[in-house]
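Here's the letter readout for the chains.
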Amino acid sequence: MLKIVNLNSGYNKTKILHGVYLEINPKEIVVLIGPNGAGKSTALKSIFSLADVYSGKIIFKDIDITDLKTHELISLGISFVPQGRQVFSNMTVLENLEMGAFTINDQDIVKRSIENIFKKFTILEKKQNALAGNLSGGQQQLLAIARALIQNPQILLLDEPSLGLDPKTMKEVFEKIVEIKNEGISVLMVEQNAKQAVEIADRTYILENGTIAVEGGKDILKNKKIKDIYFGGGASF
Ligand SMILES: Nc1ncnc2c1ncn2[C@@H]1O[C@H](COP(=O)(O)OP(=O)(O)OP(=O)(O)O)[C@@H](O)[C@H]1O
Ligand SMILES: [Mg+2]
């Protein structure tokens, strides 16, 4: 579905990722963990054309998307939820969802998409006229995810959806992510909460200093690398 081959990328002249290989199969949740500053967000931004790619390839369903622009990627079926739940605080929930649909011209389709979202995210329907800035952290994260889903993606890139959430809310957000996967959408998710993320993942990669250090299934938590990487780090498991 999505394949990253020998990717070297960064920002201007600062190289952050060094020869990264990643693969996401259809209907998979793939998790990317690693210490702060390892380049996890940069990996997602490289896919979404928000970082500079120096060499290597990004392939989506046999199409070379390495040099495509963000709006072209959205049209192809790739959506991105950035780190730090970036909702428009001074707009209502409904207006935020309408913003997510900016690439869709047909207003009937937009209306139907929002109705579908409301079926899945009943709390957003209930709060549709509330200002996004007045929602709880978990609700804002759900809104950010819902806004990305409006674009009807085949793959969703999620950057630290659990950031700043209490354990119970994190569990609810992760359950939604599993629901999204069960509807047939592939998910590439960056996470700091390794244990909880690996539990819902089909496969996990550990990124360290801009390179993939380990790839594995749920047993990856027993890998010595995890202890090395997280010892003294901010991650919890
Ligand atoms: N826009 C940018 N311009 C220049 N350097 C950047 C930019 N964004 C990030 N970096 C640098 O790239 C490196 C990797 O950052 P990145 O955000 O990808 O890490 P991360 O693994 O997502 O970390 P975190 O867990 O803190 O979110 C860091 O050294 C960071 O300072
Ligand atoms: Mg990050």
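Preceding this paragraph is the structure being described.
This one's a predicted model, so the numbers in the text were calculated from it and none came from an experiment.

**Student:** For the packing of helix H3 (residues 93–100) against helix H6 (residues 137–149), give the residues involved together with the corresponding values.
**Tutor:** Between H3 and H6, whose axes approach to 7 Å, the crossing angle comes to 35 degrees. The handedness of the crossing between H3 and H6 is right-handed. Listed contacts from H6 to Val-93, Asn-96, Leu-97, Met-99 and Gly-100 of H3 are Leu-143, Ala-146, Arg-147 and Ala-148. Classifying every residue of the contact of H3 with H6 gives 6 nonpolar, 2 polar and 1 charged.

**Student:** Before we move on, can you summarise the nonpolar core with the specific residues and values?
**Tutor:** The biggest cluster of nonpolar side chains holds 66 residues, and the ones touching the most others in it are Val-31, Leu-143, Ala-146, Leu-157, Val-187, Leu-188 and Met-189. Filtering out sequence-adjacent residues up to four positions away, Val-31 remains in contact with Met-189, Glu-191, Ala-197, Val-198, Ala-201 and Thr-204.

**Student:** Provide a residue-level description of the site of ligand 1, including the pertinent values.
**Tutor:** Tyr-11, Thr-14, Ile-16, Gly-34, Asn-36, Gly-37, Ala-38, Gly-39, Lys-40, Ser-41, Thr-42 and Gln-83 make up every residue found near ligand 1. Of the residues forming the shell around ligand 1, the biggest block, 3 residues, is contributed by helix H1 (residues 40–47). A per-class count over the shell around ligand 1 returns 3 nonpolar, 8 polar and 1 charged.

**Student:** I'd like a rundown of the environment of Asn-182, residues and numbers included.
**Tutor:** Its location among the elements puts Asn-182 in helix H7 (residues 167–182). Taking the C-beta count within 10 Å as the criterion, Asn-182 has 10 such neighbours and is therefore assigned exposed. C-alpha of Asn-182 to C-alpha of Ile-74: the two residues are 108 residues apart in sequence and 21 Å apart in space.

**Student:** Help me get a handle on unusual backbone geometry, residues and values and all.
**Tutor:** Positive phi values are uncommon outside glycine, yet Asn-6 reaches one of about 50 degrees. Structurally, Asn-6 can be placed in strand S1 (residues 2–11). Owing to 12 C-beta atoms within 10 Å, Asn-6 belongs among the exposed residues under this scheme. Notably, Ser-49 is not glycine yet its phi reads approximately 65 degrees, a positive angle. The residue Ser-49 is located in the loop between H1 and strand S4 (52–60) in this model.

**Student:** Tell me about the pairing of strand S9 (residues 203–208), and name the residues and values.
**Tutor:** Where a strand is regular, its side chains alternate between the two sheet faces. The sheet contact formed by strand S3 (residues 29–33) and S9 spans 4 bridges and is parallel. Within the sheet, the bridge partner assigned to Ile-33 lies in S9 and is Ile-206. Bridging between S9 and strand S10 (residues 211–216) involves 5 bridges; their strand directions are antiparallel. Bridge pairing links Glu-208 to Thr-211 in S10. Following S9, the chain reverses through 2 residues before pairing antiparallel with S10; Asn-209 in that reversal takes a positive phi of roughly 50 degrees.

**Student:** A description of the sheet that holds strand S8 (residues 186–190) should follow, citing residues and the corresponding values.
**Tutor:** Pairing in this open sheet of 6 strands is mixed, and the strands run S6-S7-S8-S3-S9-S10 from one edge to the other. Of all strands in the sheet, those with a lone pairing partner are strand S6 (78–81) and S10, marking the two edges. Sheet twist, expressed as the mean angle between neighbouring strand axes with direction ignored, is 20 degrees. On the sheet, H7 packs against S3, strand S7 (155–159) and S8 and is oriented at approximately 150 degrees with respect to S8.

**Student:** Please set out H1 residue by residue, giving values where relevant.
**Tutor:** Counting buried positions along H1 yields 7 of 8 residues, so the element is predominantly enclosed. Looking one or two residues past H1, Ser-49 carries a phi angle of roughly 65 degrees, positive in sign.

**Student:** If you had to explain the sheet that holds S1 to someone new, which residues and values would you point to?
**Tutor:** As summarised here, the arrangement of the 4 strands in space is S2-S1-S4-S5, forming an open sheet in which the pairing is antiparallel. Both outer strands of the open sheet, strand S2 (14–24) and strand S5 (63–64), are each paired with one neighbouring strand and no more. Here 2 bridges tie S4 to S5, and the two strands are oriented antiparallel to one another. By the bridge assignment, Ile-59 is partnered in S5 with Asp-64. Its contacts with the sheet put H1 on S1, S2 and S4, and the angle it makes with S2 is roughly 75 degrees.

Reading the values: the criteria
- Residues numbered from 1 in each chain as written.
- Chains lettered and ligands numbered in written order.
- Predicted model: local features only at pLDDT ≥ 70, side-chain atom pairs only at ≥ 80, totals over all residues.
- Axes fitted to C-alpha atoms, helices over the stretch in contact; angles between N-to-C directions.
- Helix = DSSP H or I, 4+ residues; strand = E, 2+ residues; numbered from the N terminus.
- Left-handed = near helix turned anticlockwise from the far one by under 90°.
- Contact = placed C-beta atoms within 7 Å.
- Nonpolar A, V, L, I, M, F, W, Y, C, P; charged D, E, K, R; others polar.
- Core = buried A, V, L, I, M, F, W, Y, C linked by C-beta atoms within 7 Å.
- Buried ≥ 20, exposed ≤ 12 C-beta atoms within 10 Å, placed from the backbone.
- Near = placed C-beta within 6 Å.
- Pairing = 2+ DSSP bridges.

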